[in-house]
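# Examining the three-dimensional arrangement
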Amino acid sequence: MDRSRDLSQPMENLNPAEALKAGSRFLRGGIADGLADPLTGAIPGEDTQLLKFHGIYQQDDRDLRDERRHQKLEPAYEFMVRLRLPGGVCQPWQWLRLDELACHYGNGTLRLTTRQTFQFHGVLKGNLKPTLRGIHAALLDTRGTCGDVNRGVLCSPYPVPFHGRLHELAKELSDRFSPRSRAYHEIWLDQEPVAGGEEEPIYGPTYLPRKFKIVFAVPPWNDVDVYAQDLGFIAIADGDALAGFNVSVGGGMGRTDREPATYPRLADVIGFCPPQQVVAVAEAVVGIQRDYGDRVDRKHARFKYTLDDRGIDWFKAELERRLGESLEAPRPFSFETNCDPIGWTSGADGASHYTLFVENGRVRDAKMAGLREIARIHGGDFRLTPNQNLIIAYIAPEQRAWISSLLAEYGLDRRPGLLRQNAMACVALPTCGLAMAESERYLPDLVSKLEAVLAECGLSETPITVRMSGCPNGCSRPYIAEIGFSGRGPGKYNLYLGGGFHGQRLNSLYLENVGEEQIMAALVPILRRYAVERLAGERFGDFVIRAGIVREIRQGREFNG
Amino acid sequence: MTARPVLPGMTLTPEHARQLEALVKTLSPDEALWISGYLASFARHAVQAVPSPVRPALLILYGSETGHGAGLARLAEKKAAARGLAVRNMAMDDFRLQEFHEVGQLLVIASTHGDGDPPPAAVDFYDLVMGRKAPRLEGLKFAVLGLGDSTYERFCQTGKDLDQRLEALGAQRIQGRADCDVDYEAKADAWLDEVLEQFAREVPAQAAAAAPPSLLVQDAQFDAHHPFAATVMENLILNGRGSEKETRHIELSLAGSGLAWEPGDSLGVLPENDPALVAELLAALDLRPDEPLAQEDGEIPLAEALTRRYEITALTPGFIGAYGEAAAAEPLGALAAPGKQADLRQYMAGRQVIDVVTEFPARGLDGKAFAAMLRKMQPRLYSLASSAAAYPEEAHLTVAVVRYHSHGRKRQGLASAYLADRVGSDGKVPVYVSSNKNFRLPADDSVPLIMVGAGTGVAPFRAFLQERQARGAKGRNWLFFGDRRFRTDFLYQVEWQRFLKDGLLTRMDVAFSRDQAEKVYVQHRLLEKGKEVFAWLEEGACLYVCGDASHMAPDVHRALAAIVVREGGMDAEAAEEYLKRLHKERRYQRDVY
Ligand code: SRM
Ligand SMILES: Cc1cc2nc3c(=O)[nH]c(=O)nc-3n(C[C@H](O)[C@H](O)[C@H](O)COP(=O)(O)OP(=O)(O)OC[C@H]3O[C@@H](n4cnc5c(N)ncnc54)[C@H](O)[C@@H]3O)c2cc1C
Ligand SMILES: Cc1cc2nc3c(=O)[nH]c(=O)nc-3n(C[C@H](O)[C@H](O)[C@H](O)COP(=O)(O)O)c2cc1C
Ligand code: SF4
């Protein structure tokens, strides 16, 4: 077996990032010195790479980049801070703390992400420590939310009877896979340095080749987009009880334009495991990726490529070897949608839940103010959804009217059109350093234009998923949307059609590098045809394939033609 | 003098021989003597100017965002070295345009990003080369490789732009440009081989011409009365968005003026008044703009005189008295009476001529009488923020623009707002050099410097450092800078960062007064670093302070005295003596205003 690119190789044969990790004294590097440097708002040099393992990204306000360059000022450096919030569950008192931190140290907004957590944007270097201390005081942390480790663990937030059990498992995995290094406590919380003898029992000093992502899905909802994840656990119910999980492996979205060796890939379902085996399965899968993942080429280092390079059979055998037993055969399940139902729902226990639509996850202004008021009185919890929305969960019957009136007072009870409800955009400009085109700030306009067309064709009540990413990395999981966009340059996008409505099929490139005019000119006639020619219940993504508008993509390797 | 063979034994070109002969004929003995000294110094400089290390024959400059171009540049570097070429390889933004004259061959590798834009790390270079300040490049041989993606409308645009521009600047293209698509490897590889072969063939013909030293003669031709009309080349705000301050970076062209200066000198600016204010005054006084007004150089219309020749904003006690009389305004007369200074000051505070004139209208005053009450236009001085060695024939200024409200009116500083708002790009500013012998770099390049500047006070230190860089001075340099806020008011931040990276600046300490609850100023930083500051002084460092005279300079002085007491174990008196001695030895110099 070819082991020329993995952990078995001497450091000098590997990507420099590996040596950086190994030489970082378990993620300390020179971060503390960088924080103290008064001449720059940045953390100089390679330490920004290490900073990610602490949940912090160095960014700069790209709206100001040109202007400041002319002004002989360095870029307006600022930091994004991402919380670790397994399953997206957060208590109202924690919400209030986070709100306060965002207003004090961030840009006054909270950003709900596609992975069920909060991001602060616009935190200046000098405010990083107070922010992280504030997060600590809210009994939360940011460890391992970025960097080459297991990232935030998702868990479908809907109040099913065994949600509590799933949430426990999500927390358990998240804790287990968080970096063990005390660097976080030393740098941000001023705790005493350890005397040495530290180790990372799961990862070792070079952590993983690349990020790794785990989710728990609950059919019929695929809101977590289990097929886009490195490792998925699909809950199989037995009445109201949890029987166990189907295990899926090898999903991922990230790709690079015009580099055909990179592609999105959907996960394969490989077996079934009982709840008590979840931790062992996760450790074995992470271990395989740790040992065999590509540590030479970071663009080829995700688990999906390890799987495709070595084959699923090899993987199953290796997993079996590590577990000491084979997985059971997968059990039947079926998904219906990956969207959130917006508005009120109520459970058998009499409690109500309100799913609030948060356009592209950005909580600001009236939404920020309204949720603050609600958090002050709410007796249940908040749940962030993988669709960047927010569930105000377990509202007691006696509080429903009160919360309902607050929602109305702050205009949070307005229902957006169906297309908008099911649309997602990544952050992109002005904070994301990798963005090539607008996304969060632009998709709302494009949706308005598309909604006008849908209304004209009588399609307003037909759900269609639309997702936009500002670059090919695919943070909004655009390659499984029925209509997908990835940014190519200012105002320019690739347009993809034909994704599966519940995330079960990749879409297919329809137009490359086009602006709004061409996008509209292309989509309008296709939507018109769909309105007229669709079969009963036929989804838009299925239609464009049946109609021969795009070809069906059956596996990731076909994505680039 | 009679014509005779000049400089026997020396080969001059016939053209030079003729010119020299023609010149010599017209010289007085004194002049001839002076020129002989000048030429000797010229020759010394020319000799010194020949650098010891071999000049790179070939420079590879790359502009790259995602690394393709950088990779090709490394490849080209290897290929060139294999052909025995002395080669240097660097990112465009690490290159200083002034270094062009050290380069004989240039290979450009540039990708295109955005919507046909240069990659971010090449934008500065691109702007400079494309801009009108780009140097002429006669004698330079070049070739350009563009990287791009043909699905973009503006395919390889950056490569195309640079290719055309280099030619327009006089450089000679030795091979046609390659526009490479995303599958660039094979094409680029072959093209590089061809180009480098060409470059290699050129090598023996290489001769790097030394830049002639600038004339070190103080030119007396332009002064406050006979200013030179300098052209505005750049006028930008150095403060980032959200700042309460407006500090301008102004670049003026002195080309053709022959003006010479040294770091530490200032530029005198003769401003013009705001024409709207002139019109308002004329209207308030019921005066005709075209009323002829006698000046030393003849008659000019009143409006013009009020625009250029008189100060029409600043109030003086003389004006209050004279105008009060002319307008028969009793309250003014009372203020102008002896013993009323305090009241007068209080009245004048925040007021200007226009306030007085509108509050106390005068009937039947003519232009001549009114003008006679005003002060003649005073030049304003601005520290030169650039060194002639780094930017020949350019003057950079750092101007804090004065704007405020008082007595219900919006006000602006005469000269600072003139430079900021009214001159316009390509406009002409009357200037002259105001020399300051008491603010000078030490002649000895190994002497360490401690420079303390707050706000625009940092301007001359930019010139100091540029000069020391150009001279290759080895002395250590320590800069203290202060302003209001780190994010918006860190004037010239990236330049200091670069000087630090290059090792030119040894240390830098900053104080941003409004970034925390308690105010922190440069003197606090000095005190914090007192031990090292004193050590530097003991090692012979020169200390410079520039900027605000009313608070900063005295506070800094007190801080220095405290440091000498603390670190030198002296009493207060001895510490003062110590600083006095430094001052006498020209090791403690101040330029404060
Ligand atoms: C906030 C978020 C998008 C959102 O609108 O919600 C996001 C934002 C960013 N992602 Fe992402 N990603 C987010 C979910 C995703 C997802 C979706 C998912 O995980 O379900 C994906 C696709 C799935 C996958 O991993 O393949 C995703 C694939 C990427 C990639 C491509 C990875 C690859 O394999 O090629 C990058 C770039 C990289 O890692 O080099 C990236 C990098 C980034 C960075 C950190 C940019 C950077 O590296 O400098 C973005 C920060 C922007 C900003 O200003 O906030 N992000 N990113 C999501 C935060 C998730 C979280 O809470 O942890
Ligand atoms: C050697 C030397 C070097 C200098 N170098 C520089 C330099 O590098 N950069 C630089 O910016 N300046 C420098 N100056 C100062 C500069 O010469 C001018 O004095 C300054 O720009 C103000 O001139 P102005 O014509 O714009 O304002 P003016 O029209 O002269 O107005 C200034 C006057 O306005 C009044 N005023 C200002 N603010 C207020 C307020 N808030 N309320 C009420 N009244 C107010 C005050 O009376 C003040 O004296 C230097 C001065 C000297 C002597
Ligand atoms: C956001 C973006 C915008 C681009 N825009 C253009 C363009 O306008 N014209 C072009 O010819 N190539 C364009 N390209 C392609 C790059 O020039 C090409 O990928 C090149 O190989 C990059 O070289 P580098 O890695 O040295 O930067 C663009 C690439 C990106 C990522
Ligand atoms: S998809 Fe690209 S642009 Fe959008 S947030 Fe992710 S990395 Fe940034």
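See above for the structure.
These remarks concern the structure in this document. All values reported here derive from a predicted model rather than from experimental measurement.

### A word on helix α17 (residues 493-502) of chain B
Gln493(B), Glu495(B), Trp496(B) and Phe499(B) are the residues of α17(B) that are buried. Looking down the long axis of α17(B), one finds its buried residues gathered within 165 degrees of arc, a one-sided arrangement. Elements in contact with the buried residues of α17(B): α4 (65-70) of chain A together with α15 (459-471), β20 (477-483), α16 (486-489) and β21 (507-512) of chain B. Once α17(B) ends, the next one or two residues include Gly503(B), with phi positive near 85 degrees.

### Here's the deal with the interface of chain B and chain A
Taken together, the contact between chain B and chain A spans 32 residues of the former and 25 residues of the latter. With both chains or domains summed, chain B and chain A bury close to 2400 Å², and 48% of this area falls on carbon and sulfur atoms. The largest per-residue losses of area from chain B upon contact with chain A belong to Tyr152(B), Arg241(B) and Arg487(B), which jointly make up 26% of the total buried on that side. If you look at where chain B meets chain A, you find eight salt bridges. Here Asp181(B) ties to Arg258(A) by a salt bridge, and the two come within 3.6 Å at their closest N and O atoms. The interface formed by chain B and chain A includes 16 residue pairs in polar contact (both at pLDDT 80 or more). Looking at the side of chain B that touches chain A, the elements with two or more residues in it are α4 (123-130), β7 (228-237), β8 (247-253), α16, α17 and β21 of chain B. Of the residues forming the side of chain B that touches chain A, the biggest block, five residues, is contributed by α17(B).

### Focus on the site of ligand 2
All names here are of chain B. Looking at ligand 2, there are 17 residues lining it, with Leu381, Tyr382, Leu414, Ala415 and Ser416 nearest. For ligand 2, an oxygen atom lies 2.7 Å from a polar atom in the backbone of Leu381. At 3.1 Å, a backbone N or O of Ser383 approaches an oxygen atom of ligand 2. Look at ligand 2: alone it shows 990 Å² of surface, and the protein chains cover 63% of it. For the shell around ligand 2, the secondary-structure elements that each account for two or more residues are β14 (380-383), β15 (394-400) and α14 (414-422). Sorting elements by how many residues they give to the shell around ligand 2 places β14 first, with four residues. For the shell around ligand 2, a count of residues per class yields nine nonpolar, six polar and two charged.

### Some words on the packing of aromatic side chains
Taken as a whole and assessed by the stated rule, the structure comprises 43 aromatic pairs over all chains. Sitting over the ring of Tyr530(A), Arg534(A) keeps its end group 5.3 Å from the ring centre. The ring centre of Trp478(B) lies 4.1 Å from the NZ or CZ of Arg507(B), which sits over that ring.

### Description of the coordination of the iron atom of ligand 1
For the iron atom of ligand 1, the protein contributes exactly one donor atom, Cys475(A) (SG), at 2.2 Å. Looking at the element boundaries, Cys475(A) is found in the loop between β17 (466-469) and β18 (483-489).

### A look at the nonpolar core
Residues and elements named next belong to chain A. With 94 residues, the main nonpolar core has Trp188, Phe216 and Phe233 as its most contacted residues. If you tally residues by element for this core, the top one is helix α9 (residues 278-292), at nine residues. Excluding residues that lie within four positions of it along the chain, Phe216 makes contacts with Val153, Leu154, Cys155, Ser156, Leu166, Leu169, Ala170, Leu173, Val224, Phe233, Phe245 and Val278.

### Quick look at the environment of Thr306(A)
Turning to its location among the elements, Thr306(A) is positioned in helix α10 (residues 303-310). Between the C-alpha atom of Thr306(A) and that of Tyr292(A), which follows or precedes it by 14 residues, the distance is 6.9 Å.

### Re the packing of helix α7 (residues 163-176) of chain A against α9(A)
Residue and element names in this part refer to chain A. Relative to each other, α7 and α9 sit at 35 degrees, their axes nearing to 11 Å. For the crossing formed where α7 meets α9, the hand is right-handed. Contacts from Leu169, Glu172, Leu173 and Arg176 of α7 reach α9 at Val278, Val279, Ala282 and Glu283. The class makeup of the residues in the contact of α7 with α9 is five nonpolar, no polar and three charged.

### Overview of a negative patch on the surface
A cluster of acidic residues, Asp571(B), Glu573(B), Glu576(B) and Glu577(B), forms a negative patch on the protein surface. The topology assignment puts Asp571(B) in the loop between α20 (552-568) and α21 (572-584).

### So, the site of ligand 4
Surveying the vicinity of ligand 4 reveals the residues Cys426(A), Val427(A), Ala428(A), Cys432(A), Leu434(A), Ala435(A), Ser469(A), Gly470(A), Cys471(A), Asn473(A), Gly474(A) and Cys475(A). Its residues placed into classes, the shell around ligand 4 shows eight nonpolar, four polar and no charged.

### A look at helix α15 (residues 443-456) of chain A
Residue and element names in this part refer to chain A. Its 14 residues give α15 an end-to-end C-alpha distance of 20 Å, which sits within 8% of 20 Å, the value for a rise of 1.5 Å per residue. Buried within α15 are the following residues: Leu443, Pro444, Leu446, Val447, Leu450, Glu451, Val453 and Leu454. Structurally, α15 contributes buried residues whose contacts are with α14 (418-421), β16 (423-425), β17, β18 and α16 (516-533). In the segment just after α15, Gly458 is the residue with positive phi, at about 70 degrees.

### Notes on the pattern of salt bridges
Across all of its chains, the model carries 99 salt bridges over all chains by this definition. The closest approach of N and O atoms between Asp190(A) and Arg133(A), which form a salt bridge, is 2.8 Å. In this pair, Asp190(A) is assigned in the loop between α8 (183-189) and β7 (214-217) and Arg133(A) in helix α6 (residues 125-137), connecting sequence segments 57 residues apart. The partly exposed category is assigned to Arg133(A), whose relative accessible area is 38%. Here Glu532(B) and Arg507(B) are joined by a salt bridge, their closest N and O atoms 3.6 Å apart. Linking Glu532(B) in helix α19 (residues 530-538) with Arg507(B) in strand β21, this pair joins segments that are 25 residues apart in sequence.

Calculation rules
- Residues numbered from 1 in each chain as written.
- Chains lettered and ligands numbered in written order.
- Predicted model: local features only at pLDDT ≥ 70, side-chain atom pairs only at ≥ 80, totals over all residues.
- Heavy atoms only, no water.
- Buried < 20%, exposed > 50% of the residue type's maximum accessible area, 1.4 Å probe, protein only.
- Helix = DSSP H or I, 4+ residues; strand = E, 2+ residues; numbered from the N terminus.
- Arc of directions from axis to C-beta.
- Contact = heavy atoms within 4.5 Å.
- Buried area = accessible area lost by both parts, 1.4 Å probe.
- Salt bridge = Lys/Arg side-chain N within 4 Å of Asp/Glu carboxyl O.
- Polar contact = N/O pair within 3.5 Å; in protein donor to acceptor, adjacent residues only side chain to side chain.
- Near = heavy atom within 4 Å.
- Areas by Shrake-Rupley, 256 points an atom, 1.4 Å probe, with all protein chains shown as cover.
- Nonpolar A, V, L, I, M, F, W, Y, C, P; charged D, E, K, R; others polar.
- Phe/Tyr/Trp six-rings, centres within 6.5 Å; stacked < 30°, edge-to-face > 60°.
- Lys NZ or Arg CZ within 6 Å of the ring centre and 35° of its normal.
- Donors = N, O, S within 2.8 Å, 3.2 Å for Na, K, Ca; no water.
- Core = buried A, V, L, I, M, F, W, Y, C linked by side-chain atoms within 4.5 Å.
- Axes fitted to C-alpha atoms, helices over the stretch in contact; angles between N-to-C directions.
- Left-handed = near helix turned anticlockwise from the far one by under 90°.
- Patch = residues over 30% accessible without salt bridge, like charges linked within 9 Å, V, L, I, M, F, W, Y side chains within 5 Å.
- Lys, Arg positive; Asp, Glu negative; His and termini not counted.
- Charge placed at Lys NZ, Arg CZ, Asp CG, Glu CD.
- Expected span 1.5 Å × (residues − 1).

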